[in-house]
Amino acid sequence: MLFDFERDFAGSLRCIPMIARQKLDIVGIKLSLRQWSRFTREERGQLAEQPCETVAEQAAYRERVSHLIATRSDEPLRPLAVRGLEDWREEGRMPEAVRIQAQADGIAPPTAQQWASLLPLQRFALVKLARSKHENENFVPAMREFGLLQQHAGVLHDAGAHARLPT
């Protein structure tokens, strides 16, 4: 599954799509873009599609990524330096980073009801985009894609707030 906001840069699988990033985070592996690019197109597609929900699936996913890194890359496997970024799993509590990014972009953050209604991958994407140092330009497009705001005649409409789009 690819989101519309990532099709330009992840559609070819040259970049790591959110679905694969989520799985990598779940199994605690930090994968560099360089390592990702060493995998074949087919292997990258498999990593995007391979299930990673149960404990057994997570173990198999971790083993698959570990094997690919060992055979295709000259870099070692690196565990995620920062754990605890799994607050996307909590549908009852939106992370502060999402609120802060929404405010920085001049839009209202998702309401508690909106946050709870998002799919886990959508919540993951918003958290990841809010915390990213180089990709938060996709935060507003993701919010729009997830139905959290709409664009009409150059004006963003969200939960009661209005902000002009940059021209």
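Residues numbered from 1 in each chain as written. Predicted model: local features only at pLDDT ≥ 70, side-chain atom pairs only at ≥ 80, totals over all residues. Heavy atoms only, no water.

(A) Expanded view of the layout of surface pockets. Size it by volume and the second largest pocket reaches roughly 310 Å³. Contributing to the lining of the second largest pocket are 15 residues, with Ile 19, Gln 22, Ile 26, Glu 53 and Pro 120 lying nearest its centre. Elements supplying a minimum of two residues to the lining of the second largest pocket: helix H2 (18-27), helix H4 (41-49) and helix H8 (120-131). The element best represented in the lining of the second largest pocket is H2, accounting for four residues. Grouping the amino acids of the lining of the second largest pocket by side-chain chemistry returns nine nonpolar, two polar and four charged. (1 Å grid on protein atoms, 1.4 Å probe; cavity = no way out; pocket = protein on both sides within 12 Å on 5 of 7 lines; lining within 4 Å. Points joined across faces, edges and corners; volume = space filled by probe spheres on them. Helix = DSSP H or I, 4+ residues; strand = E, 2+ residues; numbered from the N terminus. Nonpolar A, V, L, I, M, F, W, Y, C, P; charged D, E, K, R; others polar.)

(B) Local environment of the environment of Phe 139. Among the structural elements, Phe 139 can be located in helix H9 (residues 139-145). Since its relative accessible area comes to 0%, Phe 139 is described here as buried. In this structure, the C-alpha to C-alpha distance between Phe 139 and Ala 102, residues 37 residues apart in sequence, is 8.0 Å. Discounting chain neighbours no more than four positions away, the residues touching Phe 139 are Val 98, Gln 101, Ala 102, Asp 105, Ile 107, Leu 126, Leu 129 and Ala 130. (Buried < 20%, exposed > 50% of the residue type's maximum accessible area, 1.4 Å probe, protein only. Contact = heavy atoms within 4.5 Å.)

(C) Molecular detail of helix H5 (residues 55-72). Taking 1.5 Å per residue as the helical rise, H5 with its 18 residues ought to reach 26 Å, and the 25 Å between its terminal C-alpha atoms agrees with that figure. For H5, every residue scored as buried is listed here: Tyr 61, Val 65, Leu 68 and Ile 69. Projected down its long axis, H5 carries its buried residues within an arc of 100°, all on one side. What points out from H5, more than 90 degrees from its buried face, is the exposed set Val 55, Ala 56, Glu 63 and Ala 70. At its buried positions, H5 is contacted by H2, strand E1 (29-30), helix H3 (33-38) and H4. (Expected span 1.5 Å × (residues − 1). Arc of directions from axis to C-beta.)

(D) Focus on the pattern of salt bridges. Scanning the model with the defined rule gives eight salt bridges in all. One salt bridge connects Arg 34 with Glu 75, and the closest N-O pair in it is separated by 3.0 Å. Pair noted here: Arg 34 is in helix H3 and Glu 75 is in the loop between H5 and strand E2 (78-79), with a separation of 41 residues, a long-range link. In this structure, the salt-bridge partner of Arg 72 is Glu 43, at a minimum N-O distance of 2.6 Å. On the criterion of sequence distance, the pair formed by Arg 72 in helix H5 and Glu 43 in helix H4 is long-range, its members being 29 residues apart. Of the residues examined, Arg 72 reaches a relative accessible area of 34% and is grouped as partly exposed. Residues participating in the shared-partner salt-bridge network are Arg 34, Arg 38, Asp 74 and Glu 75. (Salt bridge = Lys/Arg side-chain N within 4 Å of Asp/Glu carboxyl O.)

(E) Representation of the packing of H4 against H5 within the structure. Orientation of H4 relative to H5, taken along the N-to-C sense of each, is 160°, at an axis distance of 11 Å. On the basis of their axis angle, the class for H4 and H5 is roughly antiparallel. For the pair H4 and H5, the sense of crossing is left-handed. Residues Glu 43, Gln 46 and Leu 47 of H4 form the contact with H5, whose participating residues are Tyr 61, Arg 64, Val 65, Leu 68 and Arg 72. Across the contact of H4 with H5, the residue classes tally to four nonpolar, one polar and three charged. (Axes fitted to C-alpha atoms, helices over the stretch in contact; angles between N-to-C directions. Parallel < 35°, antiparallel > 145°, perpendicular 65-115°, else oblique. Left-handed = near helix turned anticlockwise from the far one by under 90°.)

(F) Spatial organisation of the nonpolar core. Ranked by size, the top nonpolar core spans 43 residues in total, and within it Leu 126, Phe 139 and Phe 146 carry the most contacts. Elements represented by at least two residues in this core include exactly H2, H4, H5, helix H6 (96-104), H8 and H9. Here the element with the most residues in this core is H8; it accounts for seven residues. What Phe 146 contacts, discounting residues up to four positions off in sequence, is Phe 3, Phe 5, Leu 118, Gln 122, Ala 125 and Leu 126. (Core = buried A, V, L, I, M, F, W, Y, C linked by side-chain atoms within 4.5 Å.)

Don't take any of this as a statement about function, it's just geometry.
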